[in-house]
Amino acid sequence: MKLRFAILISLIAIVASSWFSLQKLSLDTSVNAIMGTDHRSRATYEKMDEAFKERTVVLAICKIDDLFSDAGVRKLYAISEKLKNMPELVDIRSLTHAARPVKRGSHFDIRKNIRLEVFLNLEKKTPEQWAELKDFICHYPMTRDLMISADGQYTMVLARLKNSEMKLQDKKLLWDELQSNVKEFEDQGIAISFLSEPILSAEFFNLTKDFVSHTLLAGLVLIFIIILLSFKSLKILAWMLALELLGAMICPVIFYLNNCDLNVYTCILIPLVLSLQLTFLVHFFAVYQQVQKKSKRPWTYALSRVFRPSCIALLTSFIAFGSLLLSEVQVLKVLGQLGLQYLLLVFVLSFAPFYFVSRNEKSDEDEHSDWQDKESSHHFLSKPIIKGKYFLYLGATLLFTISFFLFSDLETDMRAREFLTPKSETRESLELVNDHFGGLNIFQLKVVSKNKGGIQKYENVKYLHDLRNRAMKMPGVRNAYTYSQFYTTIHQLFLGDSLSHGNVFPPEEALFTYNLILNSQRFPFRDVLQNDELTESLFILRTDDVRSHEFIQIAEEFIKISKQNLPDGLEIVVPNGLQSILKSDQEILETQLDSLMLSLLSMLVLLLVLWRSGKYAVYAFLTAASALCSLILVMYIADIKLNSITVMSGTILLGIVVDDAIHFLSYYRHSIEQGHSAQSSLANCFQTKLKPMICTSLILSVCFALFCFSPYPPMREFGLSGALTLLCGLVASCLFLPALLSLKEKL
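Residues numbered from 1 in each chain as written. Predicted model: local features only at pLDDT ≥ 70, side-chain atom pairs only at ≥ 80, totals over all residues. Heavy atoms only, no water.

## So, the overall build of the protein chain
Within the protein chain, the regular secondary structure consists of 24 helices and ten strands. By residue count, 58% of the 747 residues in the protein chain fall in the buried class. Residue pairs in contact within the protein chain that sit at least 24 positions apart in sequence constitute 78% of those at least 6 positions apart. Roughly 32,400 Å² of accessible area belongs to the protein chain as shown, and the carbon and sulfur atoms make up 58% of that amount. (Helix = DSSP H or I, 4+ residues; strand = E, 2+ residues; numbered from the N terminus. Buried < 20%, exposed > 50% of the residue type's maximum accessible area, 1.4 Å probe, protein only. Contact = heavy atoms within 4.5 Å. Areas by Shrake-Rupley, 256 points an atom, 1.4 Å probe, with all protein chains shown as cover.)

## What about the side chain of His491?
Examined against the element boundaries, His491 turns out to sit in helix α16 (residues 484-495). For His491, a relative accessible area of 9% puts it in the buried group. There is a polar contact of 2.9 Å between the side chain of His491 and the side chain of Tyr514. Leaving out residues up to four positions away in the same chain, His491 has contacts with Val504, Phe505, Pro506, Pro507 and Tyr514. (Polar contact = N/O pair within 3.5 Å; in protein donor to acceptor, adjacent residues only side chain to side chain.)

## What to know about the sheet that holds strand β10 (residues 570-573)
By definition, the strands of a sheet pair up through backbone hydrogen bonds, in either a parallel or an antiparallel sense. Overall, antiparallel pairing links the four strands, which are arranged β8-β9-β7-β10 in an open sheet. Of all strands in the sheet, those bounded by a partner on one side alone are β8 (477-481) and β10. Each adjacent strand pair in this sheet contributes to an overall mean axis angle of 20°, direction not counted. Sitting on the sheet, helix α15 (residues 458-471) touches β7 (441-449), β8, β9 (536-543) and β10, and the angle it makes with β9 is about 10°. (Pairing = 2+ DSSP bridges. Axes fitted to C-alpha atoms, helices over the stretch in contact; angles between N-to-C directions.)

## Regarding the pattern of salt bridges
Under the definition given, this model contains nine salt bridges. A salt bridge links Asp187 to Lys183, with the nearest nitrogen and oxygen atoms 3.4 Å apart. Relative accessible area serves as the criterion here: at 48%, Lys183 is assigned to the partly exposed category. Among the ionic pairs, Glu536 bridges to Lys446, the shortest N-O distance being 3.8 Å. With Glu536 in strand β9 and Lys446 in strand β7, this pair connects stretches of sequence that are 90 residues apart. (Salt bridge = Lys/Arg side-chain N within 4 Å of Asp/Glu carboxyl O.)

## A closer look at a nonpolar patch on the surface
Together, Ile694, Leu698, Leu720, Leu724 and Leu727 make up an exposed nonpolar region whose accessible area comes to about 350 Å². Where the nonpolar patch is concerned, the elements lending two or more residues are α23 (678-706) and α24 (713-741). Element by element, the count of residues in the nonpolar patch is highest for α24, at three residues. For Leu724, the position within the fold is in helix α24. (Patch = residues over 30% accessible without salt bridge, like charges linked within 9 Å, V, L, I, M, F, W, Y side chains within 5 Å.)

## Focus: the packing of aromatic side chains
This model, assessed by the stated rule, comprises 29 aromatic pairs. Centroid distance Phe285 to Trp299: 6.1 Å. Interplanar angle 80°. Geometry classified as edge-to-face. Of this pair, Phe285 sits in helix α9 (residues 269-291) while Trp299 sits in helix α10 (residues 298-323); the two residues are 14 residues apart in sequence, bridging distant segments of the chain. On the basis of relative accessible area, Trp299 is assigned to the buried category, the value being 8%. Plain terms: the ring middles of Tyr390 and Tyr393 are 5.7 Å apart, the flat faces sit at 90° to each other, and that makes the pair edge-to-face. Of the two residues, Tyr390 and Tyr393 both sit in helix α13 (residues 389-407), three residues apart, roughly one turn of that helix. (Phe/Tyr/Trp six-rings, centres within 6.5 Å; stacked < 30°, edge-to-face > 60°.)

## What about the packing of α9 against helix α11 (residues 330-359)?
One can describe the packing of α9 onto α11 by two numbers: an axis separation of 10 Å at closest approach and a directional angle of 30°. Taken together, the axis directions place α9 and α11 in an arrangement best described as roughly parallel. The crossing of α9 and α11 is right-handed. From α9, Leu269, Ile270, Val273, Leu274, Leu276, Gln277, Phe280, Leu281, Phe284 and Phe285 reach across to α11, where they touch Leu335, Leu338, Gly339, Tyr342, Leu343, Val346, Phe347, Ser350, Phe351 and Phe354. Residues of the contact of α9 with α11, tallied by class, amount to 17 nonpolar, three polar and no charged. (Parallel < 35°, antiparallel > 145°, perpendicular 65-115°, else oblique. Left-handed = near helix turned anticlockwise from the far one by under 90°. Nonpolar A, V, L, I, M, F, W, Y, C, P; charged D, E, K, R; others polar.)

Structure below.
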């Protein structure tokens, strides 16, 4: 009675704490969460916000076929006005709502001869005038790749949010309002794409919600169909459903206690841990079902046979998740931390009910033993494996050798846009920025002068001008922005030449006058490139969204060039974030290698200590390693890149795959200890463990296969590689492991 009351109180506590934690749990789809390992793309968003005084920027990329015409400019003006009238947006900038310097009049005060006028006004013009204006704007340094694409096909409307601190619901409302406001223009054939942190967050939320509500639920149904077909028992299915529900209830509590929200990374944890819980339950109920009609204490018997190998399997999974704690990437550390706690609690919840039920069972004087009458047992797999063991050894050797050389050929791709399906609006916008607006990645250096007003000295401005010319010749560089461009722009005004091809640096005697003009006029983006004391200037480089090693080469080469011919009194400062940008991909690769090696060695040592048998520990080690080699082979054949999602696959899959080998070897060792022959022990393992091994592998494969339907390409790759690797691990446990056991045994 007391036991039942304690169980009831425990259930009420779990449900109450789960309900409370669930109310606090939210889905984090912010840029920092999504781009947790893509420092370059996250830095790009941060620098865009920097340009708008730390307010979140909203970009509207418009394709207006007849932009440089009387009708086209009115369309752009109407779009800009529509966004301007939105209460959430301020500081609208577009070709119809931003100004450029022009020379007007011959006033004695030269500063009054320069005025700011909009790039495109609504006055009617001839086709020749429009063609001339198009050529000018597409080459003007402060509009090209900022407000207009170099080919003139796309134009951009920039704005900033009045309130940058927005809740997720507000972000979704903003996205809906933006889409509603531009619908009339899209109906006219104008393609408009938006790019902004709130839109990215809202889109990720919708995609994740649809994935969870449809695919994961369908997967759960499929998993329980597998269980029902395997056990053909509604009682066992009901037990598993109840324990899985308890495991799911624990999840929000774990997140709440660690002050974490769900995001694109931690969402993986829930189906993964619940599937691992199912593997514990499947192995338990496989033994329970086998003896429930032969023994009066089936719960006690099943617990005694399964608990110890399950504990060993738990420890190997601990090693897999624990290795993530050594990662240099914060999101992987958090995943490892949550995984350890969640897995431990789920394990306790899974076996605690069995323990309490077993205590109420009556004693059985005629204790059942599953080793009785099995000395002469045979299994149809035993003989083919023994006869073909040398072919299996050869195949495993080839697999190890090939995967060793293929691993170095796996490419790394950490770019955030790869997390979105090509049909995603944010992905399309990122592609447009990369293809038509001078490249997606922004790299910057800070040029610092020791003296106030130092950046306006002739030798310093000339240095920036020459540095830009050299940077533009570098492969992969699409554009560069520097403070000296204001001087070449003003100089061209006084020369009377076309601004479209102007890159002539002014003479030293003109610099004083140009400084007066520059300091008196509010030039576009001036405040971005200089500070108020005129002691610092930013040099901004734009590159294609290239692969990591190419980006590193460009950045390092530019840093080297920037330090050449540096004037006295100037200093080049590399922003702190750059070091993480340059090292992020190497750190992830190093983390992958370190985690894999540490996990493999730790599992080997653990099995050596627990089993006190080098032979069995090495056999389990080689079985897990063969599955890991198959993962490398799958990733190479399917052209799957290493990134922040797939980088976790090696360590996590290693901890999962070794579980079947542990259960198989534990049963085999016990059979040998009972005095059975090696051949009979192997047959016993196949008869008792083959069904739960197949069932658990199918469950885990289905779990991973669910991610193949994810809206995020890296998750699809993670799911595909994981599902295939688990099936390869099943083959290794059923064929390669028995072949290893027959190496020195007389079977």
